[in-house]
Amino acid sequence: MEKKKSWLNNFKNVNSAIRFLSTSSQAASVFVVILGFLCGALLIRIVGRNPAGMYKSFFQVLTGIFWNNKGQMRWEIRYIGEWLNVSVPYILCGLTMAFAARTGLFNIGGEGQYLAGMTTATLLALYAPQITIIHWVIAIIGAIIMGAVWGGIVGFLKAKFEVSEVVATIMLNYIALYVARIILLGLPGSNTYQTATFPHTASIRIKLLDVLTNNSKLNLGFFIAIIAVFLFWFLMEKTNLGFGLRSTGFNKDAARCSGIPVVQSIVLSMAISGAFAGLAGGIVALGSFDYGRIPTTLEGYGFTGIAVALVGNNTAGGTMIAGLLFGMLARAQGIMQDNGIPKEITFIIQGLIVVFIALRAGLKLYLQWQLKKEVSHKSAKRPVEVKK
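Calculation notes
- Residues numbered from 1 in each chain as written.
- Predicted model: local features only at pLDDT ≥ 70, side-chain atom pairs only at ≥ 80, totals over all residues.
- Heavy atoms only, no water.
- Helix = DSSP H or I, 4+ residues; strand = E, 2+ residues; numbered from the N terminus.
- Buried < 20%, exposed > 50% of the residue type's maximum accessible area, 1.4 Å probe, protein only.
- Contact = heavy atoms within 4.5 Å.
- Areas by Shrake-Rupley, 256 points an atom, 1.4 Å probe, with all protein chains shown as cover.
- Polar contact = N/O pair within 3.5 Å; in protein donor to acceptor, adjacent residues only side chain to side chain.
- Axes fitted to C-alpha atoms, helices over the stretch in contact; angles between N-to-C directions.
- Left-handed = near helix turned anticlockwise from the far one by under 90°.
- Nonpolar A, V, L, I, M, F, W, Y, C, P; charged D, E, K, R; others polar.
- Expected span 1.5 Å × (residues − 1).

Asker: Can you lay out the overall build of the protein chain for me, pointing to particular residues and giving the numbers?
Answerer: Scanning the protein chain from terminus to terminus reveals 15 helices and four strands. For the protein chain, the proportion of its 388 residues judged to be buried stands at 48%. Relative to all contacts within the protein chain whose residues are 6 or more apart in sequence, the contacts with residues 24 or more apart total 75%. With the model as given, the accessible surface of the protein chain reaches about 20,100 Å², and the carbon-plus-sulfur share is 66%.

Here it is as structure tokens:
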């Protein structure tokens, strides 16, 4: 009898934990990230390596602390600067997906919008007036506008002709890739992989950050990304425009009856969503390289941004934290190889995190079934009143 009670108590505790994880998005995100790391460690052990090498690599990226060959502890701030720089496109492409998702859309075209912004920033870096500060500001603004235009095309097709945004964005990803190649390969001084060198006025790197981070590639783009996160939060949570966009996403018919212009809202949602990806392309182009890169394939930032938004629960702060997490995984790959750990483990961890996030829907279905079962059980036990 005591064993049965103990089993029932354990079952209730498991149900309570499942209920908590399915109702608390923040707790679920933390749980799946931890679970993903644990599964990664298990895989490393299965292939005969020491999981401590993976965690040591993550620690080195996050803190800059490492041990040299002599066993002496060293601190190199450059690792932190590189981590923050690598995280920027993940954060911004995460905001791309998150903004669309909050307005009831699925923007899988962050990759194309990123390439559109990168190509525009490259052209403006090479041919805009070479005036200090003004030059790179023009290039960044141009990248934002082109990303918005590329996303707005999808929004227009969706609003006017009911074209699926998933299909449209996938097609526009490849259109952006090959149009970028045609344009950039045709520029004077370009070869198969890169364009001519940018003038120094187009760079968003500054000497102060170079000194502070020991010549890492950290640049003004990180601080621009923080501003973008704040604008996302403010626009979505504190403005009438954000309310209208979210209302359109929840129920188009109700929004239309309330006087909200649905067609305009859909186009605007996709345009703003694309602007974040365009900004990411501009920052990568002007901050991480001294020349324009000729894209040979899709770089994956837009697709990874979908995972970033899912882990961040489509919120501004959550997406930023998730972007920093994915940036850490990307930056740690080279260090992991130095520690004898296959870098592919980071991709497996990313995939597992997304799979575990998706299982949250399954947990909700399980809870609904459990609730129905409890209600029916209580109804069966309730005494039936006999009318006299």
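Asker: Describe the environment of T201, naming the residues involved and giving the relevant values.
Answerer: Following the sequence through the fold, T201 ends up in the loop between strand 3 (194–197) and helix 8 (207–212). For T201, a relative accessible area of 7% gives the class buried. Each C-alpha atom of the pair T201 and W136 lies 6.6 Å from the other, and the pair is 65 residues apart in sequence. Setting aside its immediate chain neighbours within four residues, T201 contacts Q130, I131, T132, H135 and W136. Among the polar contacts made by the side chain of T201, one reaches the side chain of H135 at a distance of 2.7 Å.

Asker: Could you give me a rundown of the packing of helix 6 (residues 134–161) against helix 7 (residues 165–185), with the residues and numbers involved?
Answerer: Their axes nearest at 10 Å, the elements helix 6 and helix 7 cross at an angle of 150 degrees. You can see that helix 6 and helix 7 cross each other, and the crossing is right-handed. Along the contact surface, helix 6 presents W150, I153, V154 and K158, while helix 7 presents E165, A168, T169, L172, I175 and A176. Each residue belonging to the contact of helix 6 with helix 7 can be placed in one class, and the counts come to seven nonpolar, one polar and two charged.

Asker: Describe helix 12 (residues 262–287), with residues and values.
Answerer: At 3.6 residues per turn, the α-helix brings residues three or four places apart onto the same side. Counted at 1.5 Å a residue, the expected span for helix 12 with its 26 residues is 38 Å, and the 37 Å between its end C-alpha atoms agrees. Burial runs high along helix 12: 22 of the 26 residues are buried.

Asker: Please provide a residue-by-residue account of the side chain of T213, values included.
Answerer: Mapped onto the secondary structure, T213 falls in the loop between helix 8 and helix 9 (220–238). With residues near it in sequence (within four places) discarded, T213 still touches I77, R78, G81 and L218.

Asker: Report on unusual backbone geometry, specifying residues and quantitative values.
Answerer: One non-glycine residue, I133, adopts positive backbone phi at about 70 degrees. Note that I133 resides in the loop between helix 5 (110–127) and helix 6. Taking relative accessible area as the criterion, I133 reaches 51% and is therefore assigned exposed.

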